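Fold and geometry: a report
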Amino acid sequence: MTTTLEKPAPARDSARSFMDTVFRARELSIGGALALLILGTWIANPGFLDDQGIKDLLLNSSILVLLAVGQSVVVITRNIDLSVGSVTGLTAFACGHFVSGTDRSALTVVLLGLGLGVVCGLVSGALVSFGRVPALVVTLGMLYVIQGVDHAWAHGEQINAVNVPDGVLALGTGSILGIPYLPLISAAVLVATGYFLRTYRTGRELYAIGSNPEAARLAGIPIRRRILAAYAFSGAVAGFAGALWLARFGTVVADAASGWELTVVSAVVVGGVAITGGTGAVWGAALGALLLTTIGSALVVLKVDSFWQQAITGMLLLAAITTDRIVQVRTTGALRKRSRR
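This report concerns the structure included in the present document. If you're wondering where the values come from, they're calculated on a predicted model, not measured in any experiment. (Residues numbered from 1 in each chain as written. Predicted model: local features only at pLDDT ≥ 70, side-chain atom pairs only at ≥ 80, totals over all residues. Heavy atoms only, no water.)

Brief notes about the overall build of the chain
When helices and strands are counted, the chain shows 14 helices and two strands. Relative to its 341 residues, the chain shows a buried fraction of 46%. Of all intrachain contacts in the chain linking residues separated by at least 6 positions in sequence, the fraction that spans at least 24 positions is 79%. If you sum the accessible surface of the chain, you get close to 16400 Å²; carbon and sulfur atoms cover 64% of it. (Helix = DSSP H or I, 4+ residues; strand = E, 2+ residues; numbered from the N terminus. Buried < 20%, exposed > 50% of the residue type's maximum accessible area, 1.4 Å probe, protein only. Contact = heavy atoms within 4.5 Å. Areas by Shrake-Rupley, 256 points an atom, 1.4 Å probe, with all protein chains shown as cover.)

A few points about helix α13 (residues 282-301)
For an α-helix, the turn length of 3.6 residues means that residues three or four places apart are oriented alike. An ideal rise of 1.5 Å per residue puts 28 Å on 20 residues; α13 measures up with 28 Å between its terminal C-alpha atoms. Counted residue by residue, α13 has 15 buried out of 20 residues, so it is predominantly covered. (Expected span 1.5 Å × (residues − 1).)

Comments concerning the packing of helix α3 (residues 51-76) against α13
If you want to describe how two helices pack, look at the angle between their axes and the distance between the axes. Closest axis-to-axis distance for the α3/α13 pair is 8 Å, and the angle between their directions is 145 degrees. In the packing of α3 onto α13, the handedness of the crossing is right-handed. Between α3, through L57, N60, S61, L64, V65, A68, V69 and S72, and α13, the contact on the second element is made entirely by V282, A285, A286, A289, L290, T293, T294 and S297. Here the contact of α3 with α13 is composed, by residue class, of 10 nonpolar, six polar and no charged. (Axes fitted to C-alpha atoms, helices over the stretch in contact; angles between N-to-C directions. Left-handed = near helix turned anticlockwise from the far one by under 90°. Nonpolar A, V, L, I, M, F, W, Y, C, P; charged D, E, K, R; others polar.)

Considerations on the layout of surface pockets
In this structure, the second largest pocket occupies an estimated 460 Å³ of space. In this structure, the second largest pocket is lined by 18 residues; those nearest its centre are L64, W260, T263, T293 and Q309. Secondary structure elements with two or more residues in the lining of the second largest pocket: α3, α11 (223-249), α12 (260-270), α13 and α14 (307-340). Here the residues of the lining of the second largest pocket are counted per class, giving eight nonpolar, nine polar and one charged. (1 Å grid on protein atoms, 1.4 Å probe; cavity = no way out; pocket = protein on both sides within 12 Å on 5 of 7 lines; lining within 4 Å. Points joined across faces, edges and corners; volume = space filled by probe spheres on them.)

Remarks on the pattern of salt bridges
One pass over the full model with this rule turns up three salt bridges. Among the ionic pairs, R201 bridges to E205, the shortest N-O distance being 3.2 Å. Taken together, the residues R201 and E205, both in helix α9 (residues 201-211) and four residues apart, mark about one turn of the helix. R201 gets classed as exposed once you look at its relative accessible area, which sits at 67%. A relative accessible area of 8% places E205 in the buried class. (Salt bridge = Lys/Arg side-chain N within 4 Å of Asp/Glu carboxyl O.)

Observations regarding unusual backbone geometry
At R132, a residue that is not glycine, the phi angle is positive and equals roughly 55 degrees. Among the structural elements, R132 can be located in the loop between α5 (106-129) and α6 (135-154). The phi angle at L177 is positive, at roughly 55 degrees, despite the residue not being glycine.

Some details on α3
The end-to-end C-alpha distance of α3 is 36 Å, a good match for the 38 Å that 26 residues give at a rise of 1.5 Å each. Of all the bends in α3, the greatest measures close to 35 degrees and is centred on S62. Of all 26 residues making up α3, 19 are buried, and the element is well covered by its neighbours. Positive backbone phi, at 70 degrees, marks R78, one or two positions downstream of α3. (Bend = angle between axes of the 7 residues up to and from the residue.)

Here we look at the nonpolar core
The nonpolar side chains of a soluble globular protein tend to be buried, and buried together. Membership of the largest hydrophobic core comes to 81 residues, with the highest contact counts inside it found for L246 and V252. If one sorts the elements of this core by residue count, α11 sits on top with 13 residues. Those residues in contact with V252 that sit more than four places away from it in its chain are A92, F93, Q158, I159, W245 and L246. (Core = buried A, V, L, I, M, F, W, Y, C linked by side-chain atoms within 4.5 Å.)

Thoughts on the environment of A243
If you trace the backbone, A243 turns up in helix α11. Separated by 130 residues in sequence, A243 and G113 place their C-alpha atoms 5.4 Å apart. Contacts of A243, omitting those with residues within four sequence positions, involve T91, C95, V109 and V110.

A closer look at the packing of aromatic side chains
Applying the stated criterion across every chain, the model contains five aromatic pairs. Taking the centre distance of 4.9 Å and the plane angle of 55 degrees together, the rings of W245 and F249 count as tilted. Separated by four residues within a single helix, W245 and F249 lie in helix α11, roughly one turn from each other. Classification of F249 as partly exposed rests on a relative accessible area of 41%. Their ring planes at 70 degrees and their centres at 5.3 Å tell us that W245 and W260 sit as a pair that is edge-to-face. Of this pair, W245 sits in helix α11 while W260 sits in helix α12; the two residues are 15 residues apart in sequence, bridging distant segments of the chain. (Phe/Tyr/Trp six-rings, centres within 6.5 Å; stacked < 30°, edge-to-face > 60°.)

So this is what it looks like as structure tokens:
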């Protein structure tokens, strides 16, 4: 009796190891594809990798990397957050409206962005975790609600860079040893989140929830609170990204970051975070974000129609989801065979 109960554990461990190997291989393949893309574009146009070109590439990818990190934490729990773009736009406009014509500090802007983002994340998380409403429905609804609030508030108003305090703009334009602040901030958030997910018990519990919610519940993991926390984190990161958006561009309109939701999800899934939850790492999501940004920049340098960026992103997303499905089917088959033995 005891032997029978213990047999599935090695099978599950082997299957998990198989999946981790596949997704780690995908991260390596994305890194290789990114290197080839950069090399090919540089050969076609050597100016692509000059000092300004590298700086622009880092700046353009920073906010997307941040949003991909926040989204990854939610997707790992087998959920999704389609409101991150709208939250970013709302917080960017709110922060701009708050500091316009004043001398308020960058710290104030960041704290405001974080606060608004957390509130939005908690609303979505509460409906998903405690209200048990499907995440797709909740976050899609939040997307439209936030967009409506943003447009009703803005009434066509635009925040201009000349009215934004220099201290806030310096956050988006300043640098240390030639490296802009924004990519350094994104890297710090990325490293901290990756370390937390892999090292702390709470982070591992998020993976357990995504892998098998019922088993996680039986193990005593507070699923609802963990999912709520994941959405709060995603909202906080989106709010932070909104504050950085204001610092980066200075000029903000009501529909800032509109349509970024699917780009963020694409970056996460292409980067190896399984849409079915429980597998993947924020490092891969960051690579996916960097790859998509580089594709966009390369197409501009090569003077290719921007339509192809959307087409390529869609193809990469379909390929990633297909790969996830194949891995899941093979893993399930391997588990069944081992259980019979």
